[in-house]
Amino acid sequence: MIATGAVTKPLRGVGSMFAMALDTVVLAFKPPFAWREFLLQSWFVARVSIFPTLLLTIPFTVLVVFTLNILLLEFGAADFSGSGASTASVTQIGPIVTVLVVSGAAATAMCADLGARTIREELDALRVLGINPVQALVVPRVLASTVVAAALVSLVTIVGLTGSFFFSVFIQHVTPGAFAAGMTLLTGLPEIILGVVKGALFGMSAAMIACYKGMSVGGGPQGVGNAVNETVVYSFMALFVINVIATAVFYVSPR
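Residues numbered from 1 in each chain as written. Predicted model: local features only at pLDDT ≥ 70, side-chain atom pairs only at ≥ 80, totals over all residues. Heavy atoms only, no water.

Student: How should I be thinking about the overall build of the protein chain in this particular structure?
Tutor: Check the secondary structure of the protein chain and you find eight helices and zero strands. Along the chain direction, N to C, the helices and strands of the protein chain fall in the order α-α-α-α-α-α-α-α. Each principal axis of the C-alpha atoms in the protein chain carries an extent, and together these give about 70 × 45 × 35 Å. Counting the 255 residues in the protein chain, one finds 44% classified as buried. In the structure as shown, the protein chain presents an accessible area of about 13100 Å², 75% of it carried by carbon and sulfur atoms. Across the protein chain, the mean location of the 12 positive side-chain charges is 7 Å away from that of the 10 negative side-chain charges. (Helix = DSSP H or I, 4+ residues; strand = E, 2+ residues; numbered from the N terminus. Buried < 20%, exposed > 50% of the residue type's maximum accessible area, 1.4 Å probe, protein only. Areas by Shrake-Rupley, 256 points an atom, 1.4 Å probe, with all protein chains shown as cover. Lys, Arg positive; Asp, Glu negative; His and termini not counted. Charge placed at Lys NZ, Arg CZ, Asp CG, Glu CD.)

Here is the structure:
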């Protein structure tokens, strides 16, 4: 019985989260829409994420470009430094750095907020009043995280490419013209769309996990703390799974 419970409990949790995700998708197109909550959450996610994201972008990009340029210099192909930097920044570094900060800052705050409301029985009070908590609280948070994460990817990519250019040209002495010319060699509109879609999927999954953990919390304040920790772990796990699937689908599908 103990072994069976250890298997069925996580499965029930995954099923409940997907059920809430389906409800969120359906209710997102059902009026009324909580515009005020959406705008407040969008501003909150952007405010707590934009500065740490930009600070984290530069070392991530520089590390990748530094390692790549060493390899290219060994082959005598330093002129292709811009190609590697643009591909890495647009398709991988931009979306990943964005969601690391969004899940670590914004999603945890969402989980703590909804968890506190749950243990204070505010969600039950909303249900008594005939208000669906998913429509009033979850939908605007998920959409806000999705929109802001997709927008941050573009900003992170620009900052990453700028940092890569200055590091490659002034530190590793790559020709500026060759770096700029190689940026569009492997990276075009499809890769840019891939990066934005990845960021949107990452932001949506992080917010969905945070909302589910916050609304299903139990055990008082200690349960809220545990839910916040689980939100970070599960968001990072979902990040790598979604990243692998999205990248594989993009490069396998005909273009």
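There's more to say after this.
Student: So what exactly am I meant to see when it comes to the nonpolar core here?
Tutor: Burial of nonpolar side chains together is a common tendency in soluble globular proteins. Counting 33 residues, the largest nonpolar core has M20, V134, V138, V142, C211 and M215 as the members making the most contacts within it. If you list the elements that add at least two residues to this core, you get α1 (2-28), α3 (81-119), α4 (122-128), α5 (133-170), α7 (189-215) and α8 (221-252). Ranked by the residues each element gives to this core, the list is headed by α7, at eight residues. Residues contacting V134, with those up to four places away along its chain left out, are M20, D23, T24, L27, V139 and M215. Judged by nonpolar contacts, the second largest core, of five residues, contains V65, F167, V174 and F179. (Core = buried A, V, L, I, M, F, W, Y, C linked by side-chain atoms within 4.5 Å. Contact = heavy atoms within 4.5 Å.)

Student: I'm lost on a nonpolar patch on the surface in this one. Help?
Tutor: The grouping of L189, I192, I193, V197, L201 and M204 at the surface amounts to a nonpolar patch, some 500 Å² of accessible area in total. Considering the arrangement of structural elements, one finds V197 in helix α7. By relative accessible area, which is 40% here, V197 ends up partly exposed. (Patch = residues over 30% accessible without salt bridge, like charges linked within 9 Å, V, L, I, M, F, W, Y side chains within 5 Å. Salt bridge = Lys/Arg side-chain N within 4 Å of Asp/Glu carboxyl O.)

Student: What am I meant to see in the packing of aromatic side chains here?
Tutor: Geometry of an aromatic ring pair is reported as the spacing of the ring centres plus the angle between the planes. Within the structure shown, the criterion is met by six aromatic pairs. Judged by centre distance (5.7 Å) and plane angle (85 degrees), the ring pair of F165 and F166 falls under edge-to-face. By relative accessible area, F165 is classed as partly exposed at 25%. A ring pair is formed by F166 and F170, whose centres lie 5.7 Å apart and whose planes are at 15 degrees; its orientation type is stacked. In this pair, F166 and F170 both sit in helix α5, four residues apart, roughly one turn of the helix. (Phe/Tyr/Trp six-rings, centres within 6.5 Å; stacked < 30°, edge-to-face > 60°.)

Student: What is the right way to read the side chain of T98 from this model?
Tutor: Position of T98 relative to the elements: it lies in helix α3. Judged by its relative accessible area of 1%, T98 is buried. There is a polar contact of 2.7 Å between the side chain of T98 and the backbone oxygen of G94. Other than its neighbours up to four places away in sequence, T98 contacts T53, A149, L152, V153 and V156. (Polar contact = N/O pair within 3.5 Å; in protein donor to acceptor, adjacent residues only side chain to side chain.)

Student: Before we go on, may I ask you to explain the environment of F60 in this structure?
Tutor: Mapped onto the secondary structure, F60 falls in helix α2 (residues 35-75). Take F60: its relative accessible area is 33%, and that puts it in the partly exposed class. Distance from F60 to I93, taken between C-alpha atoms, is 7.2 Å for residues 33 residues apart in sequence.

Student: Can you walk me through the pattern of salt bridges in this structure?
Tutor: When charged atoms on two side chains of opposite charge get close, those side chains can pair. If you walk through the whole model with that rule in mind, you get six salt bridges. Across the pair E37 and R141 runs a salt bridge whose closest N-O atoms are separated by 2.9 Å. One end of the pair, E37, is in helix α2; the other, R141, is in helix α5, and 104 residues separate them in sequence. Considered together, E37 and R141 belong to a single accessibility category, that of buried residues. The network of salt bridges with shared partners includes E37, D113, R117 and R141.

Student: Can you walk me through α5 in this structure?
Tutor: Each α-helix winds once per 3.6 residues, and so residues spaced three or four apart point in a common direction. The end-to-end C-alpha distance of α5, which contains 38 residues, comes to 54 Å, matching closely the 56 Å that a straight helix rising 1.5 Å per residue would cover. Roughly 25 degrees is the biggest bend found in α5, and it falls at V139, with proline P140 one to four residues downstream. In this structure N132 caps α5, since a side-chain oxygen of it lies 3.0 Å from the backbone nitrogen of V134. (Expected span 1.5 Å × (residues − 1). Bend = angle between axes of the 7 residues up to and from the residue.)

Student: Help me understand the packing of α3 against α7 in this model?
Tutor: The angle between the axes and the distance between the axes are what describe a pair of packed helices. Direction vectors running N to C along α3 and α7 enclose 20 degrees, while the axes themselves pass 8 Å from each other. Our classification of the angle between α3 and α7 gives roughly parallel. At the point where α3 passes α7, the crossing takes the right-handed sense. Of the residues belonging to the contact of α3 with α7, the class tally is 16 nonpolar, nine polar and three charged. (Axes fitted to C-alpha atoms, helices over the stretch in contact; angles between N-to-C directions. Parallel < 35°, antiparallel > 145°, perpendicular 65-115°, else oblique. Left-handed = near helix turned anticlockwise from the far one by under 90°. Nonpolar A, V, L, I, M, F, W, Y, C, P; charged D, E, K, R; others polar.)

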